[in-house]
Amino acid sequence: DELPDEFIDRARELLATGCLSIRRGVAQALGWNRGPRVILLEGEREVLQELAADGDPSVRQMIVRAAQRLAPHQRPVAIDLICRVRFGDSPEVADDLLQMFSPSGELQWQQLSKPESDRILLDLIDCPSISSFWVTRFLSELSKDEPDLFVRLLVERVQHWEKLVLVVGEYQPLPLEWIHRP
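Now for a look at the structure at hand.

Reading the values: rules and limits
Residues numbered from 1 in each chain as written. Predicted model: local features only at pLDDT ≥ 70, side-chain atom pairs only at ≥ 80, totals over all residues. Heavy atoms only, no water. Core = buried A, V, L, I, M, F, W, Y, C linked by side-chain atoms within 4.5 Å. Buried < 20%, exposed > 50% of the residue type's maximum accessible area, 1.4 Å probe, protein only. Helix = DSSP H or I, 4+ residues; strand = E, 2+ residues; numbered from the N terminus. Contact = heavy atoms within 4.5 Å. Patch = residues over 30% accessible without salt bridge, like charges linked within 9 Å, V, L, I, M, F, W, Y side chains within 5 Å. Areas by Shrake-Rupley, 256 points an atom, 1.4 Å probe, with all protein chains shown as cover. Salt bridge = Lys/Arg side-chain N within 4 Å of Asp/Glu carboxyl O. Lys, Arg positive; Asp, Glu negative; His and termini not counted. Charge placed at Lys NZ, Arg CZ, Asp CG, Glu CD. Axes fitted to C-alpha atoms, helices over the stretch in contact; angles between N-to-C directions. Parallel < 35°, antiparallel > 145°, perpendicular 65-115°, else oblique. Nonpolar A, V, L, I, M, F, W, Y, C, P; charged D, E, K, R; others polar.

The biggest cluster of nonpolar side chains holds 49 residues, and the ones touching the most others in it are Leu51, Leu97, Phe101, Leu124, Phe138, Leu139 and Leu142. Looking at this core element by element, the count peaks at 7 residues for helix α4 (residues 57-70). When neighbours within four sequence positions are excluded, Leu142 is seen to be in contact with Trp109, Leu121, Pro147, Leu149, Phe150 and Leu153.

Listed below in structure tokens is the structure:
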């Protein structure tokens, strides 16, 4: 359960190598492998914040896992982390992140400030697909709780798609099939 005091120092040294597989390993250690540990080590929050902004989607997914595990006991830290994780390039990261706002999730959408929720919605506009299980679940709940916001989000995705100069199929503005219907 306990990590040595020098763990964060070693993690920083490893991250300084710039090696992707090492960044993924450190993120895994602080994400899935944190187990039931809810206490943050000195300097751990800063390392998590740094990894939340990583360019690799797999690293960011591990930080979402860390936020999920921290949320019941360290809600402000969890919210801070998920608001730092960008997912506009990754439907997989979007799915993991938005699972936190499901009815059985660790957080409630209403717990976010307006700037925090706006930031997440902006990433949803950029995300190549919103067809996954938890994303459609989130959107279904949003359509019930904030129908105007839901419609505005979908309109903005279509408008974004119209401006893109991409190969057909790289950006799907609306789900072809809703797993969870609005």
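So that's the structure; there's more coming.
On to a negative patch on the surface. Judged by side-chain charge, Glu6, Asp9, Glu42 and Glu46 come together as a negatively charged surface patch. Of note, Asp9 is situated in helix α1 (residues 7-15). Asp9 sits in the partly exposed class, given a relative accessible area of 44%.

This part takes up the pattern of salt bridges. Under the defined criterion, the tally for this structure stands at 13 salt bridges. Notably, a salt bridge pairs Glu13 with Arg10, separated by 2.8 Å at the nearest N-O pair. Of this pair, Glu13 and Arg10 both sit in helix α1, 3 residues apart, which is roughly one turn of the helix. Arg65 is the partner of Asp96 in a salt bridge, and the nearest nitrogen-oxygen pair spans 3.3 Å. With Asp96 in helix α6 (residues 91-99) and Arg65 in helix α4, this pair connects stretches of sequence that are 31 residues apart. No difference in accessibility class separates Asp96 from Arg65, as the two residues are buried. Salt bridges sharing partners connect three or more residues here, namely Arg34, Arg37 and Glu44.

Let's shift gears to the packing of helix α2 (residues 20-30) against α4. Contact geometry for α2 and α4: axes closest at 8 Å, N-to-C directions at 10°. The angle between α2 and α4 falls in the class roughly parallel. Taking contact as the criterion, the partners of Arg23, Arg24, Ala27, Gln28 and Leu30 in α2 are, on α4, Ser58, Val59, Met62, Ile63 and Ala66. In terms of residue class, the contact of α2 with α4 is made up of 6 nonpolar, 2 polar and 2 charged.

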